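Commentary on secondary and tertiary structure
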Amino acid sequence: MAVGFLMIPACIIFVKLFLYNYSMENVIPQKGYKLTLSINTKNQHPESIRVKTFAPLNNSKQTISKEQGISDSYSFSLSNDGPNRRIIWQSNKISGNNRMEYVAYINSHHMKYVFNEKTVLNEYIPDNIKVYLKDSEAAKESKKIQVNSQAIKKKLDEITKNANTLYEKIQAIHKFITKDIRYINFSGELDAESCLLLMEGSCNGKSRLYVAMAQNLGLPARLVGGIILNKSPKKITHQWVEIYINGQWVPFCPTNDYFAELPKNYIALYYGDQVLFKRTSGINFDYIYSFETVNLPRVDAGETFKDLPINIYGLLNQFEKFNLSLDIFVYLLMLPFAALISVILKNIIGLETFGTFLPILIASVLSNTGVITGILVFFGIISIVYLINTFISRLDLLYHPRMAILLSFVILSLLITFSIGLKFNIYSLVYVVFFPVAIVAITINRVTILMEESSFKKLAMVTLNTIIVIIVSFYFIHSTFLQMIMLSFPELILALIGINIMVGRWAGFRLFEYLRFADLIKGIPGNVQNNY
């Protein structure tokens, strides 16, 4: 029977690869970001409120696959404003606390440009690009990018005096601003000339000076405002530079020393020297950006493989219609694989855990809480259950009321932890709210049973084994390579069933048992053999 379960997926995979020219490269979902902007407003008296900001751009580095504005009190609109995309929330005669959210799914990738050392100035510059030249009206009117500053021109001549090519001149500007201009974490605005005079600046001061020097070389150059998705949640945005070279905009970041390249987690929100938010004055206003990594389906995959007997990607694209994340489907596919890993660790290695599926369930939620936070929450639940159960066992209560009391204490502890995280902005504590109540209840039940039947030493050992299985299962579930394999060939679930049948028939020693009884297995004379 096990062989049959292994042969069926093997045949299906053969048909896909050799009869339908199935290509994993064309169908694997792409890793992207779900970016959320949350805004809170508060005002005492009814009034009309208008909030304007920028939506992420669609360009060669990043594309928006889906976006929406969410609010019960504000109307949401999205419109083009030159090269930028404007978000507008508006409401009439509104008061009190109100919240609005913008959610976007972004497919972004790392970009690196090959900068030819023999590159020369652009011979032809389109009209829509000329606005970023030194002699344009926009450049002349800019008060923060002083392209005609004598101090900037003098320093540019000084740092490029030994540079012969355009490449060497841009490289000299980049090296000077990156290395010689000291970075300061300054929340205010700093113009290009002040940045040079002070020899220090934040990302906006460094980038403005970069643009001013590049424009003085005769190159179109502009600021780009955005956000680096390196920590969630966050308020800090970022600015970098783009220079128009050989018909394309090439990025440079003097703050983090990226020359003609940008990492995947740089998300552009707007072009130009813009203000991130414009809003009605006199209201309390607060905002926060948060993000998570998600799987985004390839738009054309369903059509590409429409002739397959089972077109799994046609099904995946239906997730969009119901506003469901593809991650849900990925986790469903990975759970049988994680279950097999758990079975091997238990039946072959010999790790005793709290049940078969509890470690897998906990591993599946660690992407929300984080590995360290999730493990600490799990260990905290066990500790609370042990302490409280030790105390209330003296009351001679019936089983079910005792379980309800333990659940109440655990939930109370999680709420206290959540409140502390909110009060002191410790977001790792806030994420305990993602720990499902079902997992909490199962954990309480397993711990109390083990406390009644075994010793504290056994409880500690099972807890350690469970944590090991949780961590191993987590990294298998979140393995990009394994996700690619399971998404491309979901029929492998049948093969997993076959492997489980073979493991289920295993009658030999477990690894830990082999180590424990090694002397007996090898037939070494001992006290046991002397009894015969």
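Nothing here was measured: the structure is a model prediction, and the numbers come from that model.

1. Section: the confidence of the model for the protein chain
Per-residue pLDDT for the protein chain averages 84, and the proportion of residues at 70 or more is 88%. With pLDDT under 50 throughout, residues 526–532 is counted as low confidence; its partners more than four residues away or in other chains account for three contacts.

2. Overview of helix H19 (residues 492–504)
A rise of 1.5 Å per residue sets the reference length of H19, with its 13 residues, at 18 Å; its end C-alpha atoms lie 18 Å apart and thus fit the reference within 8%. Looking only at H19, the buried set comprises Ala495, Leu496, Gly498, Ile501 and Val503.

3. Quick word on the nonpolar core
Counting residues in each nonpolar core, the largest one holds 48 residues, and the members touching the most others are Phe354, Ile362, Phe378 and Phe435. Broken down by secondary-structure element, the contributors of at least two residues to this core are helix H11 (326–349), helix H12 (358–369), helix H13 (371–392), helix H14 (399–423), helix H16 (437–453), helix H17 (456–477) and helix H18 (480–488). For this core, the element with the most residues is H11, which contributes 10 residues. Those residues within four positions of phenylalanine 378 in sequence are excluded, and the remaining contacts are Phe354, Ile362, Phe435, Thr443, Thr466, Ile467 and Ile470. Core analysis: the second largest hydrophobic core is formed by 37 residues, Val147, Ile170, Val211 and Phe252 among them.

4. Some details on the environment of proline 83
One can find proline 83 in the loop between strand E3 (75–81) and strand E4 (84–108). In this structure the C-alpha to C-alpha distance between proline 83 and asparagine 128, which are 45 residues apart in sequence, comes to 9.9 Å. In contact with proline 83, not counting residues within four places along its chain, are Leu57, Tyr132 and Tyr271.

5. Section: a nonpolar patch on the surface
Together, Phe409, Leu412, Ile416, Ile420, Phe424 and Ile426 give the surface a local cluster of nonpolar side chains, amounting to about 540 Å² of exposed area. Inspection of the secondary structure assignment puts phenylalanine 424 in the loop between H14 and helix H15 (427–430). For phenylalanine 424, a relative accessible area of 53% puts it in the exposed group.

6. A look at the packing of H14 against H16
At a closest axis distance of 10 Å, the pairing of H14 and H16 adopts a crossing angle of 125°. Considered as vectors, H14 and H16 are oriented oblique to each other. Relative to H16, H14 is oriented so that their crossing is right-handed. Across from Tyr399, Arg402, Met403, Leu406, Leu407, Val410, Ile411 and Leu414 in H14, the residues of H16 making contact are Val437, Val440, Ile444, Asn445, Thr448 and Glu452.

7. Thoughts on the sheet that holds strand E10 (residues 248–253)
The five strands lie next to each other as E11-E10-E9-E8-E13, forming an open sheet whose pairing is antiparallel. At either margin of the open sheet sits one strand with a lone partner, and together these are strand E11 (258–259) and strand E13 (266–271). Both strand E8 (residues 221–228) and E13 contribute to a ladder of five bridges, which runs antiparallel. Within E13, the position partnered with isoleucine 227 by the bridge is isoleucine 267. Against the sheet, helix H8 (residues 203–216) contacts E8, strand E9 (238–245), E10 and E11, and its axis sits at roughly 15° relative to E9.

8. Here's the deal with the packing of aromatic side chains
Inspection of the entire model under this criterion finds 19 aromatic pairs. Note on phenylalanine 76 and tryptophan 89: the rings are 5.6 Å apart at their centroids and 55° apart in plane angle, and the pair reads as tilted. Here tryptophan 89 lies in strand E4 and phenylalanine 76 lies in strand E3, a separation of 13 residues in the sequence. The exposure class of tryptophan 89 is buried, given its relative accessible area of 0%. Their ring planes at 45° and their centres at 4.6 Å tell us that phenylalanine 277 and tyrosine 287 sit as a pair that is tilted. Residue phenylalanine 277 is located in the loop between E13 and strand E14 (278–279), and its partner tyrosine 287 is located in strand E15 (residues 284–296); the two are separated by 10 residues in the primary sequence. Per residue, the accessibility class of phenylalanine 277 equals that of tyrosine 287, and both read buried. These aromatic residues form a ring-pair network of at least three members: Tyr167, Tyr210, Phe252 and Phe259. Sitting above the plane of the tyrosine 132 ring, arginine 222 keeps its charged end 5.3 Å from the centroid. Sitting over the ring of tyrosine 287, lysine 235 keeps its end group 5.9 Å from the ring centre.

9. Let's talk about the packing of H13 against H17
Taken N-terminus to C-terminus, the directions of H13 and H17 make an angle of 160°; their axes are 11 Å apart at the nearest point. Relative to H17, H13 is oriented roughly antiparallel. The interaxial crossing formed by H13 with H17 has right-handed handedness. In this structure, H13 uses Val371, Ile375, Phe378, Phe379, Ile382 and Tyr386 to contact H17, whose residues at the interface are Phe456, Leu459, Thr463, Thr466, Ile467, Ile470, Ile471, Phe474 and Tyr475. Taken together, the residues that form the contact of H13 with H17 break down as 13 nonpolar, two polar and no charged.

10. Notes on the environment of methionine 100
Considering the arrangement of structural elements, one finds methionine 100 in strand E4. Once the C-alpha coordinates of methionine 100 and isoleucine 39 are considered, the two residues, 61 residues apart in sequence, prove to be 5.3 Å apart. Residue contacts for methionine 100: discarding those within four places in its chain leaves Leu37, Ser38, Ile39, Thr41, Val51, Ile70, Ser71, Tyr74 and Trp89.

11. Thoughts on unusual backbone geometry
Note: most peptide bonds trans; most residues except glycine with negative phi. For the bond running from serine 232 to proline 233, omega is -5°, close enough to zero to count as cis. For methionine 199, which is not a glycine, the phi torsion comes out positive at approximately 55°. Backbone geometry places aspartate 257, a non-glycine residue, at a positive phi of 60°. For aspartate 257, the location among the structural elements is in the loop between E10 and E11.

12. Let's talk about the pattern of salt bridges
Taken as a whole, this structure holds 13 salt bridges when the rule is applied. Note that aspartate 127 and lysine 130 form a salt bridge whose closest N and O atoms lie 3.4 Å from each other. Of the two residues, aspartate 127 and lysine 130 are both situated in helix H3 (residues 127–130); the distance of three residues between them amounts to about one turn of the helix. Classification of aspartate 127 as exposed rests on a relative accessible area of 62%.

Definitions and cut-offs
Residues numbered from 1 in each chain as written. Predicted model: local features only at pLDDT ≥ 70, side-chain atom pairs only at ≥ 80, totals over all residues. Heavy atoms only, no water. pLDDT = per-residue confidence, 0-100. Contact = heavy atoms within 4.5 Å. Helix = DSSP H or I, 4+ residues; strand = E, 2+ residues; numbered from the N terminus. Expected span 1.5 Å × (residues − 1). Buried < 20%, exposed > 50% of the residue type's maximum accessible area, 1.4 Å probe, protein only. Core = buried A, V, L, I, M, F, W, Y, C linked by side-chain atoms within 4.5 Å. Patch = residues over 30% accessible without salt bridge, like charges linked within 9 Å, V, L, I, M, F, W, Y side chains within 5 Å. Areas by Shrake-Rupley, 256 points an atom, 1.4 Å probe, with all protein chains shown as cover. Salt bridge = Lys/Arg side-chain N within 4 Å of Asp/Glu carboxyl O. Axes fitted to C-alpha atoms, helices over the stretch in contact; angles between N-to-C directions. Parallel < 35°, antiparallel > 145°, perpendicular 65-115°, else oblique. Left-handed = near helix turned anticlockwise from the far one by under 90°. Pairing = 2+ DSSP bridges. Phe/Tyr/Trp six-rings, centres within 6.5 Å; stacked < 30°, edge-to-face > 60°. Lys NZ or Arg CZ within 6 Å of the ring centre and 35° of its normal. Nonpolar A, V, L, I, M, F, W, Y, C, P; charged D, E, K, R; others polar.

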